[in-house]
Each structure stands twice: as structure tokens, then as C-alpha cells.
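Letter by letter, the chains look like this.
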Amino acid sequence: MKTTKLTLSAVSKFIGIIGLSLFVMSCGKSGSDANHNNNVYNNGYGAALPGGQTFYHSISTDITYGMTVDLNFIGQVGYNQGYSPIVSYSGPVAVHGTLQVNQPVTQIYGGCYLPAGTYTLQTLQPGQWSQAIASNLVMTAQGPVTAVVTIPHGQVPAKTQLGATWNEIAPQGGFFADFNIQSVNGLQCAISTLIK
């Protein structure tokens, strides 16, 4: 009797190990290369999401300094049952675009200074996109100086409460957001404005 129990126990363990091995191998294949959410960039400095595409283009101006922020939002979007990816996409988002500074921006306390000029914006750290709302975007601005700017929270305006199709939310328009200049040439700043 003891021999039979050992054999059944050994067979049971063997089948368990085989099953676990198959599970781990199948997860490794689908999770390493196919899951682009783990590799948001091709490199760490501003490349778009692998396989991503631009799904929204915004041009906004700030209400304090007269800056113009032109952004292309990039995500791993698809066409979901007739809904615009602007409202149906949820996942990592990258941006690229330009920042036009028409007059120098100066922090009253601390000496932070952003000269007038045109800056190229690229993603430094991806944000999250969910139902036309973006959060936690961090970008570099390369121009007369190098700055780090953030959009902690922003959203696409909808024409109607039910804005869910391309006819109701155009793939180009405004973007209401907090826009922060965190640093200029490594000097910490605390310059915040609203873009719309």
C-alpha cells in the first residue's frame, strides 16, 4: 500500500511540475515581446510608444504667459466598435510637439528664467490616458535652454456630453491642462499655468 501512495504522490507532483512549467513558458512568450506597456519607449528619451500612433493633436495657449503648446498624443490605440480612441483608449501615452514661448517666462522668486523661442517637446516619462483624460506626463523642452515640463492632469473638451464618435470629438482640437515648468537647465522652478 505504501508503494502505491508514493507512486501516486510522485505522479501527482510530476504532473503539477509539468503543468506549472507549461504555464510559465506560455506567459513568458506572450508577456515579454507582445506586452508593449512594459517598453514604453524604444529608448528612454522621447521615442514614441512601440507600435503606437497619433490619435489626438492639440494646439493650446496658456492664459498667463502667451505660450503656445502644440502636442501629438501617441498611444497603442485601435478602432473600438465605432468609438473614437480619444474616449475609448486607456493606457500609456507619449507626446511630441513644440512649445512656442513668445516672451520670456520668469519666476519671481528663485531666479528661474525660460527665454523666448521655439522648443521641441519630447516625452521623458510617459503618462496615462483614460477616457479623454491624460495624467502624469513629463517632457523635455529643447530650445534656447533645456527645460523639464509636466502635465499632471488635462483633458480633451467634448462638444456634447455624449462625445464618443469622431463626429463629436474631432481628432484635433484643444486640450485643457495644468502646465508646469519644473526645471530650466537643471535649476528647479515652480512655474505653473493653465493651457486651453
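Residues numbered from 1 in each chain as written. Predicted model: local features only at pLDDT ≥ 70, side-chain atom pairs only at ≥ 80, totals over all residues. Heavy atoms only, no water.

Draft legend 1. Examining the overall build of the chain more closely. When you go through the chain residue by residue, the secondary structure sums to 2 helices and 12 strands. When the 196 residues of the chain are sorted by exposure, 38% land in the buried category. Expressed as a percentage of contacts within the chain between residues at least 6 apart in sequence, the contacts between residues at least 24 apart total 54%. A total accessible area of about 11000 Å² is found for the chain, and carbon and sulfur atoms account for 57% of it. (Helix = DSSP H or I, 4+ residues; strand = E, 2+ residues; numbered from the N terminus. Buried < 20%, exposed > 50% of the residue type's maximum accessible area, 1.4 Å probe, protein only. Contact = heavy atoms within 4.5 Å. Areas by Shrake-Rupley, 256 points an atom, 1.4 Å probe, with all protein chains shown as cover.)

Draft legend 2. Up close: the packing of aromatic side chains. Scanning the entire structure with this criterion turns up 5 aromatic pairs. Each ring, one from Tyr 56 and one from Phe 73, has its centre 6.2 Å from the other, and the planes form 40°; the classification is tilted. Here Tyr 56 is found in strand β1 (residues 53-61), whereas its partner Phe 73 is found in strand β2 (residues 68-75), with 17 residues between them in sequence. Aromatic pair Phe 73 and Phe 175: ring centres 4.9 Å apart, planes at 50°, arrangement tilted. (Phe/Tyr/Trp six-rings, centres within 6.5 Å; stacked < 30°, edge-to-face > 60°.)

Draft legend 3. Inspection of the state of the cysteines at higher detail. In total, this model carries 1 disulfide according to the counting rule given. Here Cys 112 engages in a disulfide with Cys 189; their sulfurs sit 1.6 Å apart. In this structure the cystine formed by Cys 112 and Cys 189 twists about its S-S bond by roughly 45°; its chirality is therefore right-handed. Here Cys 112, found in the loop between β4 (105-106) and β5 (113-114), pairs with Cys 189, found in strand β12 (residues 187-195); they are 77 residues apart in sequence, far enough to count as distant. Classification of Cys 112 as buried rests on a relative accessible area of 1%. Look at Cys 189 and you get buried, because its relative accessible area is 13%. (Disulfide = S-S within 2.5 Å.)

Draft legend 4. Structural view of the pairing of strand β7 (residues 127-130). Covered by surrounding structure in β7 are Gly 127 and Trp 129 only, the residues Gln 128 and Ser 130 on the alternate face being uncovered. The turn linking β7 back onto strand β8 (residues 133-142) is made up of 2 residues, and Gln 131 within it adopts a positive phi angle of 50°. (Pairing = 2+ DSSP bridges.)

Draft legend 5. Seen up close, the confidence of the model for the chain. When pLDDT is averaged along the chain, the result is 76; 67% of the residues meet or exceed 70. Taken element by element, the chain is modelled with least confidence in helix α1 (residues 2-32), mean pLDDT 44, and with most confidence in β8, mean pLDDT 97. Within the model, the stretch residues 13-46 combines pLDDT values under 50 with 30 contacts to residues more than four positions away or in other chains. (pLDDT = per-residue confidence, 0-100.)

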